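# Topology and contacts: notes
Residue strings, one per chain:
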Amino acid sequence: MNVHANILMSGIAADALPVAPGLEVATTGGPVGTVVRGVDLAADVRPDMVFSLLAIFNHSGLMIVPGQERLTPDRQAQIARWFGPSFVRGRKEGKRDQLPMTENPFVQLLSNRDQKAAGLIPVEDRNGAATQPLGIHSDVQDYDVPPDVTILHGAIIPPPSAGGNTHFGNLYMAYDDLPREMKQRLDGAKWRPHSTYRTMRGVQQKEAMANPEADRDSPVLHPVARTHPVTGRKALWVSSFTEEVVGDWSREEGVALAKQLFEHVAQPKYWYTHIWSPHDVLFWDNRCVNHRRDSWDSSYVREMHRAQAGGSLPF
Ligand SMILES: O=C(O)CCC(=O)C(=O)O
Ligand SMILES: [Fe+2]
């Protein structure tokens, strides 16, 4: 028996998974994340390696693949579809939640560099808050079916002293730690996210800034305890998107409960901090981890390419 088995976030040992020859798998040592080496994502990846990457991803919350200098937005969009159909914002309410994209229509550009100067598609609704911190969230929780995976490629990364770290929180652990009475109270409970407008206002999207409808209630309801469809583990799936927990209680109580659960998932013991190196590619599982990003010194360019895919109704 291998007593040094790498235990992934779901609780499974890495060597219990089908790890293809050539791949090296190691956990981050923190509560979230597995580092995978030995694959060039820009190349034609062997089917047994793709199968391994999907298995590792599904058990890791966060899969980190360093050293992907050759990855283009077009190839990133292709890789995203290993996980299911491409996911893009902009389908809602007159396409008012569109965000800046790279030259590939399925790969978003998160950058504080002038997009015209960079030869990229200029977008009027430029994210003015680019260098500001992003609070604790799981992606696109304003939609009823969010993407399962977000793939972020660090194309241009400031020195670590300039900030811009991204942090990942383990929501299985957060759920498991709840007292039994709280788990019972939350059994079957739902939560209401901020509306899409309000979410877009949070990233200072121009159209949303000007629209008073941003404050309207969202019709979406999500499970508080979300069961991961591959691992069967329950995640305490609340974040800064969570406006109120809906149940057999008043709105005030639902808002207070949301705050209490948010404070629970925010505890540092659940978090891993990723300090980026250029061309790290991170795959995170929106079904079982939260993330947040630090601000960075705006005199440095930080440019990320972001693809999202998959999506199944949370249960
Ligand atoms: O800029 C980052 O590191 C992460 C931003 C983020 O929240 C995302 O891409 O979903
Ligand atoms: Fe995000």
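Residues numbered from 1 in each chain as written. Chains lettered and ligands numbered in written order. Predicted model: local features only at pLDDT ≥ 70, side-chain atom pairs only at ≥ 80, totals over all residues. Heavy atoms only, no water.

### Here's the deal with the overall build of the protein chain
Condition: Secondary structure counts use DSSP, requiring at least four H or I residues in a row for a helix and at least two E residues in a row for a strand, with both numbered from the N terminus. Here's how the labels work: a residue is buried when its accessible area is under 20% of the maximum for its type, exposed when over 50%, partly exposed in between, all with a 1.4 Å probe on protein chains only. Contacts were defined at the residue level, with two residues in contact if any of their heavy atoms lie within 4.5 Å. Computed with the Shrake-Rupley method and a 1.4 Å probe, the accessible areas treat only the protein chains shown as cover for residues.
Each helix and strand in the protein chain was counted, giving seven helices and 17 strands. A buried classification covers 54% of the 315 residues belonging to the protein chain. If you take every contact in the protein chain between residues at least 6 apart in sequence, the share linking residues at least 24 apart comes to 78%. About 13900 Å² of surface is accessible on the protein chain, with carbon and sulfur atoms providing 52% of the total.

### Details of the sheet that holds strand 10 (residues 222–223)
Note the cut-off: Pairing between strands is defined by DSSP: at least two bridges between the two strands are required.
Taken in spatial order, the three strands make up an open sheet running 10-9-13, and their pairing is antiparallel. Each having just a single partner strand, strand 10 and strand 13 (242–246) make up the two edges of the open sheet. Summarising the sheet, strand 9 (residues 190–193) and strand 10 pair through two bridges and their orientation is antiparallel. Looking at the pairing, K190 lines up with P223 of strand 10.

### Quick notes on the environment of V246
Looking at the element boundaries, V246 is found in strand 13. By relative accessible area, V246 is classed as partly exposed at 28%. A C-alpha to C-alpha distance of 9.4 Å links V246 and L257, two positions 11 residues apart in sequence. What V246 contacts, discounting residues up to four positions off in sequence, is A189, K190, W191, R192 and L221.

### Focus on the environment of A235
Tracing the backbone shows A235 in strand 12 (residues 234–236). Residue class for A235 comes out buried when judged on its relative accessible area of 0%. On a C-alpha basis, the gap between A235 and A174 in space is 7.2 Å, while along the polypeptide they are 61 residues apart. Not counting the four nearest positions on each side in its chain, A235 is found in contact with L171, Y172, Y175, V224, A225, R226, R287 and C288.

### Side note on the site of ligand 1
Rules: Nearness is judged by heavy atoms alone; a residue qualifies as near a molecule or strand once a single heavy atom is within 4 Å of it. Any N or O atom pair separated by 3.5 Å or less is treated as a polar contact, with the protein-specific requirement of one donor-capable and one acceptor-capable atom, and with residues adjacent in sequence counted only for side-chain atom pairs. Gly is placed with the polar residues, together with every amino acid not listed as nonpolar (Ala, Val, Leu, Ile, Met, Phe, Trp, Tyr, Cys and Pro) or charged (Asp, Glu, Lys and Arg).
By nearness alone, every residue bordering ligand 1 is listed as L110, L134, H137, D139, L152, T166, W284, H291, R293, R302 and R306. In this structure, an oxygen atom belonging to ligand 1 sits 2.6 Å away from a side-chain N or O atom of T166. Here an oxygen atom of ligand 1 sits 2.7 Å away from a polar atom, N or O, in the side chain of R306. Protein burial of ligand 1: of its 290 Å² of free accessible surface, 98% is covered by the chains. Put simply, the parts of the chain that give the shell around ligand 1 at least two residues each are strand 6 (134–137) and strand 16 (289–293). Split into classes, the residues belonging to the shell around ligand 1 amount to four nonpolar, three polar and four charged.

### Structural notes on the packing of aromatic side chains
Operational definition: By convention, a stacked pair of Phe, Tyr or Trp rings (six-membered ring in the case of Trp) has centres within 6.5 Å and planes under 30 degrees apart, an edge-to-face pair has planes over 60 apart, and any other such pair is tilted.
Enumeration over the complete set of coordinates arrives at five aromatic pairs. Relative to F83, the ring of F57 has its centre 5.0 Å away and its plane inclined at 80°; by these criteria the two rings are edge-to-face. Pair noted here: F57 is in helix 1 (residues 47–60) and F83 is in the loop between helix 2 (73–80) and strand 4 (86–87), with a separation of 26 residues, a long-range link. Taken as a pair, F57 and F83 share a single burial class, namely buried. Where F168 meets W284, the ring centres are 5.3 Å apart and the plane angle is 55°; that geometry is what we call tilted.

### Quick word on the pairing of strand 17 (residues 303–309)
Sheet faces and side chains relate simply in a regular strand, where the side chains alternate between the two faces. For strand 17, the tally of buried residues reaches seven of seven residues, placing the bulk of the element in the interior. The side-chain alternation of strand 17 yields two buried faces, one formed by E303, H305, A307 and A309 and the other by M304, R306 and Q308. Taken together, the two bridges between strand 4 and strand 17 define a ladder with antiparallel strand orientation. Its bridge partner being in strand 17, F87 is matched across the sheet by Q308.

### Let's talk about the sheet that holds strand 6
Note the threshold: Here, axes are lines fitted to C-alpha atoms. For helices the fit covers the stretch in contact, and angles between N-to-C directions go from 0 to 180 degrees.
Strand order in the open sheet formed by four strands is 6-16-8-14, with antiparallel pairing between adjacent strands. A single partner strand is all that each edge strand has here, and the edge strands are strand 6 and strand 14 (271–274). The average undirected angle you get between the axes of adjacent strands in this sheet is 15°. Sheet analysis places strand 6 next to strand 16, joined by two bridges and oriented antiparallel. Across the sheet, the residue bridging to L134 is R293, located in strand 16.

### Here's the deal with the side chain of H291
One can find H291 in strand 16. Among the polar contacts made by the side chain of H291, one reaches the side chain of W284 at a distance of 3.3 Å. Those residues within four positions of H291 in sequence are excluded, and the remaining contacts are G135, I136, H137, S138, D139, H167, F168, W271, W284 and N286.

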